[in-house]
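Observations on the three-dimensional arrangement
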Amino acid sequence: MSIQFFGTLGRDGTRIRLPGNYRGSSRWTPHIGDVFPDFTAMTTHGPLDFRSFAQGQWVYLFSHPAAFTPVCTTEVAEVARCVNAFERRGVKVLSISRDTLEQLENWSNEISDDFGHDIGFPMAADPDGILIRACNMLHPGEHDSQPIRKSFIIDAERRVRMIFEYPVQVGRSVEESLRVIDALRESDRRNVAIPCEWRPGDPVLLPAEMRDAEANLRFGSGSWTRMRSYLRVLNR
Ligand code: BEZ
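Now for a quick tour of the structure. (Residues numbered from 1 in each chain as written. Predicted model: local features only at pLDDT ≥ 70, side-chain atom pairs only at ≥ 80, totals over all residues. Heavy atoms only, no water.)

**So, the site of the ligand**
The local shell around the ligand consists of Pro-65, Thr-69, Pro-70, Val-71, Cys-72, Gln-146, Arg-149 and Val-168. Within the backbone of Val-71, an N or O atom sits 2.8 Å from an oxygen atom of the ligand. Here Cys-72 contributes a backbone N or O atom positioned 2.8 Å from an oxygen atom of the ligand. Out of a free accessible area of 260 Å², the ligand has 85% covered by protein chains. Among the elements that make up the shell around the ligand, the one with the highest residue count is helix α2 (residues 70-81) (three residues). (Near = heavy atom within 4 Å. Polar contact = N/O pair within 3.5 Å; in protein donor to acceptor, adjacent residues only side chain to side chain. Areas by Shrake-Rupley, 256 points an atom, 1.4 Å probe, with all protein chains shown as cover. Helix = DSSP H or I, 4+ residues; strand = E, 2+ residues; numbered from the N terminus.)

In structure tokens form, the structure reads like this:
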């Protein structure tokens, strides 16, 4: 596995100059809004170059502590079951752990046998924990050597749009990741803000920074309701 922090292209195709303290620093870790670094890895689907893999598509990248463990088995099986739901949303899936490629291959065969579906996404081996460390997936207070359950949603410009962190003993909700992908897409498409517990089809909000005049231009006057100066709901 290797990571490349340089040569990142910005939205307009220009190279992004990372701040000095990002470069090669073990303290740097991707935050929401950052461009995710390029990396190469061996996976259960062959060698992977992240930039090519992610080209023009969204990515759901998730770490898990270790192969052949109970909670991780249920998570990998559930993501595999939902892989078509990610694909329908134009999202590619990739997992990462500190296991060797051989361990991942053997474990994924067992999951396929036990749960009755193939693991239709690559599982990346990072036995030395290079990307895992760079992405701040090691939390020594939780586990001394294995990564926590961290998820990134990365958009088509390789910008991090969401980060979840779950502890070792609690499996995450794949449904929630899909819900956030739908919410981000809705927010991007309509330039709206998304309320708590939103589901597709539910009402959405005017963003805090949007002036009333712009909302009228964008959505039409009468198309939204002011509940408070800071709480404006789009009627449709
Ligand atoms: C689990 O997935 O159940 C697990 C993973 C690492 C340590 C302990 C439990």
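**Overview of the nonpolar core**
Among the nonpolar cores identified, the biggest contains 30 residues, and Val-76, Phe-86, Val-93, Trp-107, Phe-121 and Ile-153 are the most heavily contacted of them. For this core, the secondary structure elements donating two or more residues are β4 (58-63), α2, α3 (83-88), β5 (91-97), α4 (101-115), β6 (123-125), β8 (160-166) and α6 (174-190). Counting 20 residues, the second-largest nonpolar core is a separate cluster that includes Phe-39, Ala-41, Leu-61 and Phe-152. (Core = buried A, V, L, I, M, F, W, Y, C linked by side-chain atoms within 4.5 Å. Buried < 20%, exposed > 50% of the residue type's maximum accessible area, 1.4 Å probe, protein only.)

**A word on the pairing of β8**
Within a regular strand, the side chains alternate between the two sheet faces. For strand β7 (residues 149-154) and β8, the ladder comprises six bridges, and the chain directions are antiparallel. Residue Arg-149 lies in a different strand from β8, and its bridge partner there is Tyr-166. Connecting β7 to the antiparallel partner β8 that follows it, the hairpin turn spans five residues, and Arg-158 within it adopts a positive phi of roughly 65°. (Pairing = 2+ DSSP bridges.)

**Things to note about the pairing of β4**
Counting buried positions over the six residues of β4 gives six, a clear majority of the element. Sheet topology note: the β4/β5 ladder contains six bridges and is parallel. What sits directly across from Ser-63, in β5, is Ile-96. Pairing of β4 with β7 involves four bridges; the strand directions are antiparallel. The partner of Phe-62 across the bridge, within β7, is Ser-151.

**Considering the environment of Leu-205**
Secondary-structure assignment places Leu-205 in the loop between α6 and α7 (212-219). On a C-alpha basis, the gap between Leu-205 and Thr-225 in space is 9.5 Å, while along the polypeptide they are 20 residues apart.

**Notes on unusual backbone geometry**
The phi dihedral of Phe-68 falls on the positive side, at around 60°, and the residue is not glycine. Locating Phe-68 in the fold gives a position in the loop between β4 and α2. When its relative accessible area of 44% is taken as the criterion, Phe-68 is described as partly exposed. At Asn-191, a residue that is not glycine, the phi angle is positive and equals roughly 55°. Within the fold, Asn-191 resides in the loop between α6 and α7. Residue class for Asn-191 comes out partly exposed when judged on its relative accessible area of 29%.

**Some remarks on the side chain of Arg-159**
Turning to its location among the elements, Arg-159 is positioned in the loop between β7 and β8. Salt bridges are absent for the buried Arg-159, whose nearest opposite-charge side chain, Glu-157, sits at 4.9 Å. A distance of 3.1 Å separates a polar atom in the side chain of Arg-159 from the backbone oxygen of Gly-33. (Lys, Arg positive; Asp, Glu negative; His and termini not counted. Salt bridge = Lys/Arg side-chain N within 4 Å of Asp/Glu carboxyl O.)

**Let's talk about the packing of α2 against α4**
In the contact formed by α2 and α4, the axes pass within 10 Å of each other and the chain directions differ by 70°. If you check the angle between α2 and α4, you find them roughly perpendicular. Across from Cys-72, Thr-73, Val-76 and Ala-77 in α2, the residues of α4 making contact are Trp-107, Ile-111 and Phe-115. Its residues assigned to classes, the contact of α2 with α4 comprises six nonpolar, one polar and no charged. (Axes fitted to C-alpha atoms, helices over the stretch in contact; angles between N-to-C directions. Parallel < 35°, antiparallel > 145°, perpendicular 65-115°, else oblique. Contact = heavy atoms within 4.5 Å. Nonpolar A, V, L, I, M, F, W, Y, C, P; charged D, E, K, R; others polar.)

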